[in-house]
Amino acid sequence: MRTLGVPLRNDRVATLEKGSNTLQIDSGSKILIKVVGVFDLVALRDLLNDAYPVGVYVSGKDMRVRKQSNL
């Protein structure tokens with residue numbers, strides 16, 4: 001199972017488990033958000049891509065954009 005994670009602000013961590021198609025955002029030991037299933041994950045991805053297009057946010061002092069993905 002492949003697990004990816006990224007630290008967010010305010011001591012939050014987003015973790016994606018590709019094998020189980022689960023995205024979870026934690027704050028310490030508390031689960032804030034849990035999304036399960038490919039359909040919901042892709043819908044969430046599309047929503048974020050529509051709201052924050054990569055071409056618009058490729059540079060900026062608070063922005064991090066991955067130009068390529070090995071996924």
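Source: prediction; values computed, not measured. (Residues numbered from 1 in each chain as written. Predicted model: local features only at pLDDT ≥ 70, side-chain atom pairs only at ≥ 80, totals over all residues. Heavy atoms only, no water.)

Engineer: Looking at this model, I keep getting lost on the side chain of Thr22. Mind explaining?
Structural biologist: With respect to the helices, strands and loops of the structure, Thr22 is situated in strand β3 (residues 22–27). Thr22 gets classed as buried once you look at its relative accessible area, which sits at 11%. Polar side-chain contacts of Thr22 include one of 3.1 Å to the backbone oxygen of Ser20. Residue contacts for Thr22: discarding those within four places in its chain leaves Thr15, Leu16, Glu17, Lys34, Val35, Val36 and Leu41. (Helix = DSSP H or I, 4+ residues; strand = E, 2+ residues; numbered from the N terminus. Buried < 20%, exposed > 50% of the residue type's maximum accessible area, 1.4 Å probe, protein only. Polar contact = N/O pair within 3.5 Å; in protein donor to acceptor, adjacent residues only side chain to side chain. Contact = heavy atoms within 4.5 Å.)

Engineer: Teacher, can you tell me more about the side chain of Asp26 here?
Structural biologist: In this structure, Asp26 sits in strand β3. Buried charge Asp26 goes without a salt bridge, the closest partner of opposite sign being Lys34 at 8.3 Å. At 2.9 Å, the side chain of Asp26 and the side chain of Gln24 are in polar contact. Residues within four places of Asp26 in sequence aside, it is in contact with Asp11, Arg12, Val13, Ile31 and Leu32. (Lys, Arg positive; Asp, Glu negative; His and termini not counted. Salt bridge = Lys/Arg side-chain N within 4 Å of Asp/Glu carboxyl O.)

Engineer: Just checking my understanding: could you explain the pairing of strand β1 (residues 3–7) for this structure?
Structural biologist: In the case of a regular strand, side chains alternate between the two sheet surfaces. Pairing of β1 with strand β2 (residues 12–17), which is carried by five bridges, proceeds in the antiparallel orientation. When the bridges of β2 are listed, Pro7 appears paired with Val13. Linking two consecutive strands that pair antiparallel, namely β1 and β2, is a turn of four residues; a positive phi of about 60° is found at Asn10 within it. (Pairing = 2+ DSSP bridges.)

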